[in-house]
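So the chains spell out like this:
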Amino acid sequence: GLNQSVQNSANSVTLVAGKPALLRVYAQTNATAPAPVAEVTVRATRGGQNLGSVTVGPQAVATAPTADDLSSTFNLELPREWLLGDVTLTATIDAVNTVVEYDETNNARTEAYSFRSVLPLALTIVPIYYTDSRSGRLYTAEAHDPISRWLLSAFPLSQVDVRFHTPFHFTGDLRQGTEWQRLLQELTTLWAAEVGFGSGHVFYGLIPVGDAAGASWFEGGVSGLGWIGQRVAIGLDVGEATGESAGHELGHNFGRRHAPCGNPTSVDPAYPYPNATIGVYGVDTVDDTLLAPNANFDMMSYCGPEWVSDYTYEGLLQDQLARGGREAAKGSGLLIRAAVDGETVTALPVYALDRAAPAMFPTSDYTVELLDGTGAILSTHPAALLEADETGVSARMLVAQVSASIDGVSVVRFRRGDAVVAERVLGG
């Protein structure tokens, strides 16, 4: 079987071009002790052209190789140049006939594999310079990347292009869920202005929890928050666990809801395995660690240890195939926003952008109207309702990115069905 992050017994999980792949060859002997020792050679071809071969061993041949024991199989990481397009692999044990056998005809197996090209993930890490309003203390950290290694291990990606934004200053009290909502909304505005609403480009706000003097503002509670289906998220910088936490929030950005373990909100009713276990074997190809189906939990749950199920992996892949590389085009545009708190909708300031509306825009039962000074409706546009849910915090935000000029617009108005729920008069 060929495994990149996770694979099922049917070997039907999509293979990603360029992503490290571990091939497990199940060779078996019926010999009694001592076990025969042999090598396995794997040859690769593409379109009939020889790509070369790799040999692993010598090692003892198991009498009963099993999926749950890496040492019972012959394992090799495929050369990078093989991980593209359609490739045929032939594994042969004891190709030089050093082991005496009654039957030499069953020592080879050939399988065809197809690798799907996936665009790199564009990830901008935004260092948050956080002033705690309770203490007045400023928490900062140098720009760094504690995220991409875990993403490359668990996500259907072969490349993450990391950029660092200039620091984003935020003053508030992140012990309060409403302040997490406000920070996420502010970072979303920055994201929409710079890369365009609906972009496949991720903005991740990295929040320090301590300073050089050893002081910390964090007392437990919320550790991350990300929109479901739009690629903006924020999270704490908590050392080695930062990648897993960020992966959970980016999973939301890729359209995934929670898996059912740990009592989360906004659970995906279609998750296929009980108690959010990953259900099939996973492999962390960074350190060739085997992850058992019933002892590891999906990254979208609140249980650990965390990995990715085949169900979530395929969902992440489909979202990256649909949105990877997508950014808004240049052109006159308006960014229109509203904060949603229960039934209360508050229209926020409008921005004139040099980016037009994206080609794909999610819709809701909300719309935005642009009115002139006489109250006449100039145009009507769809509005997206962004949602984010974690235990202890829930965020809602309305966004419309409109291909229009600000000239002649005096009022923006939000409607839900026929009812006006918010409006804002533009001045100056």
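Residues numbered from 1 in each chain as written. Predicted model: local features only at pLDDT ≥ 70, side-chain atom pairs only at ≥ 80, totals over all residues. Heavy atoms only, no water.

### Comments concerning the packing of aromatic side chains
The geometry of an aromatic ring pair comes down to the distance between the two centres and the angle between the two planes.
1) Next: Considering all chains together, one arrives at 9 aromatic pairs under this definition.
2) Next: Ring geometry for tyrosine 130 against tyrosine 139: centres 6.3 Å apart, planes inclined by 25°, an arrangement best described as stacked.
3) Next: For tyrosine 130, a relative accessible area of 0% translates into the label buried.
4) Next: For the ring pair tryptophan 191 and phenylalanine 197, a centre distance of 5.7 Å and an interplane angle of 70° mean the geometry is edge-to-face.
5) Next: The structure contains a cluster of three or more aromatic residues connected by ring pairs, namely Tyr130, Tyr139, Phe170, Trp217 and Phe218.
6) Next: Lying over the aromatic face of phenylalanine 254, arginine 231 brings its terminal NZ or CZ to 3.8 Å of the ring centre. (Phe/Tyr/Trp six-rings, centres within 6.5 Å; stacked < 30°, edge-to-face > 60°. Buried < 20%, exposed > 50% of the residue type's maximum accessible area, 1.4 Å probe, protein only. Lys NZ or Arg CZ within 6 Å of the ring centre and 35° of its normal.)

### Structural notes on the state of the cysteines
1) Next: Under the defined criterion, the tally for this structure stands at 1 disulfide.
2) Next: There is a disulfide in this structure between cysteine 261 and cysteine 303, and the S-S distance comes to 1.9 Å. Disulfide cysteine 261-cysteine 303: the torsion about the S-S bond is -80°, which places it as left-handed. Note that cysteine 261 is positioned in the loop between α3 (242-253) and β17 (281-284) and cysteine 303 in the loop between β19 (297-298) and β20 (306-307), a separation of 42 residues in sequence.
3) Next: Assessed through its relative accessible area of 17%, cysteine 303 is described here as buried. (Disulfide = S-S within 2.5 Å. Helix = DSSP H or I, 4+ residues; strand = E, 2+ residues; numbered from the N terminus.)

### Some details on empty space enclosed by the protein
1) Next: The full count for this structure, using the stated rule, is 2 cavities of 30 Å³ or more.
2) Next: Surrounding the largest cavity, Ile125, Pro127, Ile128, Ala141, Glu142, Ala143, His144, Phe164, Leu206, Ile207, Pro208 and Asp237 form its lining.
3) Next: Contributing to the lining of the second largest cavity are Arg256, Arg257, His258, Ala259, Asp268, Tyr271, Asp298, Met300, Tyr311 and Thr312.
4) Next: By residue class, the composition of the lining of the second largest cavity is 4 nonpolar, 2 polar and 4 charged. (1 Å grid on protein atoms, 1.4 Å probe; cavity = no way out; pocket = protein on both sides within 12 Å on 5 of 7 lines; lining within 4 Å. Points joined across faces, edges and corners; volume = space filled by probe spheres on them. Nonpolar A, V, L, I, M, F, W, Y, C, P; charged D, E, K, R; others polar.)

### Focus on the side chain of glutamate 179
1) Next: Structurally, glutamate 179 can be placed in helix α2 (residues 177-194).
2) Next: According to the relative accessible area criterion, glutamate 179 is buried, its value standing at 16%.
3) Next: Within the structure, the side chain of glutamate 179 is placed 3.2 Å from the backbone nitrogen of aspartate 173, a separation counted as a polar contact.
4) Next: When near neighbours in sequence (up to four residues on either side) are disregarded, glutamate 179 contacts Phe170, Thr171, Gly172, Asp173 and Leu174. (Polar contact = N/O pair within 3.5 Å; in protein donor to acceptor, adjacent residues only side chain to side chain. Contact = heavy atoms within 4.5 Å.)

### So, the sheet that holds β17
1) Next: Read across the open sheet, the 3 strands follow the order β2-β17-β18; overall the sheet is antiparallel. Only two strands of the sheet have a single partner each, and these edge strands are β2 (6-7) and β18 (289-291). (Pairing = 2+ DSSP bridges.)

### Things to note about the sheet that holds strand β28 (residues 411-416)
1) Next: Overall, antiparallel pairing links the 4 strands, which are arranged β25-β24-β28-β29 in an open sheet. With one partner strand each, in any of the chains shown, β25 (377-382) and β29 (419-425) form the two edges of the open sheet. The average undirected angle you get between the axes of adjacent strands in this sheet is 20°.
2) Next: Inspection of the sheet shows strand β24 (residues 366-371) paired to β25 by 5 bridges, in the antiparallel sense. Of the residues in β25, the one forming a bridge with valine 368 is histidine 381. (Axes fitted to C-alpha atoms, helices over the stretch in contact; angles between N-to-C directions.)

Any functional reading would require information beyond the geometric quantities listed.
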